[in-house]
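Descriptive structure summary
So the chains spell out like this:
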Amino acid sequence: MSYILETRGLTHVYGAGTPFERKALDAVDVAVNKGEILGVIGHTGSGKSTLIQHFNGLLKPTSGEVLLDGQPIWTPEGKCPRAVRFRVGLVFQYPEYQLFEETIAKDIAFGPRNMGLSQAEIDERVAESMRLVGLSEELAGQSPFALSGGQKRRVAIAGVIAMRPDVLILDEPTAGLDPAGRDEILNEIEAYHRETGATVLIVSHSMEDIARVADRLLVMSDAHVFACGTPREVFARGEEIISIGLDIPEITKVILELRRRGFDLDPSIYTVEQAVAALRAYKEGHKC
């Protein structure tokens, strides 16, 4: 298997040596497959946000290492090359609050310009990234502050996409959006992944969102990896996931309740379509 990102024994301590010392990551080993969509799940304080900020060198490990394409991102001298942040793009939660340029095009162009690209290449990337996030070309000259909340978020995501990162990390990309807005953002993330083949990491509290788009799920709890696997493998541990303070898809809750009532159903079901198929099969198998 070809890993694009890895952590080995990754540990991070905030406030080391002070009365406020807290271990946010404790010897975490994670491997991200090239080209996959990985969902990262965890309750507040689980370590998931600290983890993703190590992937592009925003945070330096207390111990352990982070590897990009098999190579440590930190040099022996304790430096993280600037190129790492171009290859691993991180979109923070509520990124629309970080918009600052007078036009949408200029805001999106900020990253590519810092890469030292020509104006022609910058213009090409701005147009491409706007298309990928569903923004009309006619908006390029408008102020980003005149847009709706969902459109502002698309501009912020486009600014990272314009650097053409090998890995795109999105921290709660659907937070604060209505159901229609959440669906649109997720559809665009899936379309971006299909078209570019980039590796995508999505941090989310919404199990339904994650189950819909992710190839694999990484569940963090109390500074450790609690589970990692396909959605079916992870949601098969639904009762355990609930016990650590996380939620599971509503349909999985229904299946677990039916199992408690004596129905022999697969506990790893996490979509309505899977549930319908399983219930039909159960009914066929229990005809008089």
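Cut-off values and rules
Residues numbered from 1 in each chain as written. Predicted model: local features only at pLDDT ≥ 70, side-chain atom pairs only at ≥ 80, totals over all residues. Heavy atoms only, no water. 1 Å grid on protein atoms, 1.4 Å probe; cavity = no way out; pocket = protein on both sides within 12 Å on 5 of 7 lines; lining within 4 Å. Points joined across faces, edges and corners; volume = space filled by probe spheres on them. Helix = DSSP H or I, 4+ residues; strand = E, 2+ residues; numbered from the N terminus. Nonpolar A, V, L, I, M, F, W, Y, C, P; charged D, E, K, R; others polar. Buried < 20%, exposed > 50% of the residue type's maximum accessible area, 1.4 Å probe, protein only. Contact = heavy atoms within 4.5 Å. Pairing = 2+ DSSP bridges. Right-handed = clockwise from strand over helix to strand, strands pointing away. Salt bridge = Lys/Arg side-chain N within 4 Å of Asp/Glu carboxyl O. Core = buried A, V, L, I, M, F, W, Y, C linked by side-chain atoms within 4.5 Å. Axes fitted to C-alpha atoms, helices over the stretch in contact; angles between N-to-C directions. Left-handed = near helix turned anticlockwise from the far one by under 90°.

To continue, consider empty space enclosed by the protein. Here the structure, examined in full by the defined rule, presents two cavities of 30 Å³ or more. Taken together, L132, V133, R154, I157, I161, L168, I185, E188, I189 and Y192 make up the full set of residues lining the largest cavity. Among the secondary structure elements, those contributing two or more residues to the lining of the largest cavity are α5 (149-161) and α6 (179-196). No other element matches α6, which puts four residues into the lining of the largest cavity. Classifying every residue of the lining of the largest cavity by side-chain character gives eight nonpolar, no polar and two charged. Here the second largest cavity defines a volume of roughly 40 Å³. Every residue along the wall of the second largest cavity is listed here: P173, T174, L186, I202, S204, D209 and I210. Tallied by class, residues from the lining of the second largest cavity come to four nonpolar, two polar and one charged.

With that settled, consider the side chain of T11. As for its placement among the helices and strands, T11 is situated in strand β1 (residues 3-14). Judged by relative accessible area, which is 9%, T11 ranks as buried. Once residues within four sequence positions are removed from consideration, T11 is found in contact with K23, L25, D26, A27, P61, T62 and S63.

Attention now goes to the pairing of strand β8 (residues 199-203). When you tally the buried positions in β8, you get five out of five residues, the bulk of the element. Side chains T199, L201 and V203 project from β8 onto one buried face, and the interleaved V200 and I202 project onto a second face that is buried too. Across four bridges, the pairing between strand β3 (residues 37-42) and β8 is parallel. For V40, the partnering residue across the bridge sits in β8 and is V203. Sheet topology note: the strand β7 (residues 167-171)/β8 ladder contains five bridges and is parallel. By the bridge assignment, I169 is partnered in β8 with L201. In this view, the connection linking β7 to its parallel neighbour β8 by way of α6 has right-handed handedness.

This brings us to the pattern of salt bridges. Applying the stated criterion across every chain yields a total of 25 salt bridges. The residue R212 makes a salt bridge to E190 at a minimum N-O spacing of 3.6 Å. Here E190 lies in helix α6 and R212 lies in helix α7 (residues 207-213), a separation of 22 residues in the sequence. Looking at R212, the relative accessible area reads 35%, which means it is partly exposed. A salt bridge links K253 to D247, with the shortest nitrogen-to-oxygen separation between them at 2.8 Å. A relative accessible area of 29% means that K253 is categorised as partly exposed. Three or more residues joined by partner-sharing salt bridges are found here, namely E121, E124, R125, E128 and R164.

With that out of the way, let us pick up the nonpolar core. Core analysis: the biggest nonpolar cluster contains 50 residues, and I108, M130, L170, I202 and F235 have the highest contact counts within it. In terms of residues, this core owes the most to one element, α5, which gives six residues. Here I202 is in contact with I37, L38, G39, V40, L170, P173, I189, I210 and V213, once residues within four sequence places are set aside. With 26 residues, the next largest nonpolar core counts L25, V28, V66 and W74 among its residues.

Contact pair helix α3 (residues 104-114) / α5: the axes reach a minimum separation of 7 Å and the direction vectors enclose 35°. You can see that α3 and α5 cross each other, and the crossing is right-handed. Contacts between α3 and α5 involve I104, D107 and I108 on the former and, on the latter, V155, A158 and G159. For the contact of α3 with α5, a count of residues per class yields four nonpolar, one polar and one charged.

The computed volume of the largest pocket comes to approximately 580 Å³. Together, 24 residues line the largest pocket, and L90, Q98, F110, V160 and M163 are the ones closest to its centre. Elements with a minimum of two residues in the lining of the largest pocket: α2 (82-87), β6 (88-91), α3 and α5. In terms of residue count, the dominant contributor to the lining of the largest pocket is α3 (five residues). Within the lining of the largest pocket, the residues separate by chemical class into 15 nonpolar, six polar and three charged.

Remember that the coordinates give geometry; whether it matters functionally is a separate question.
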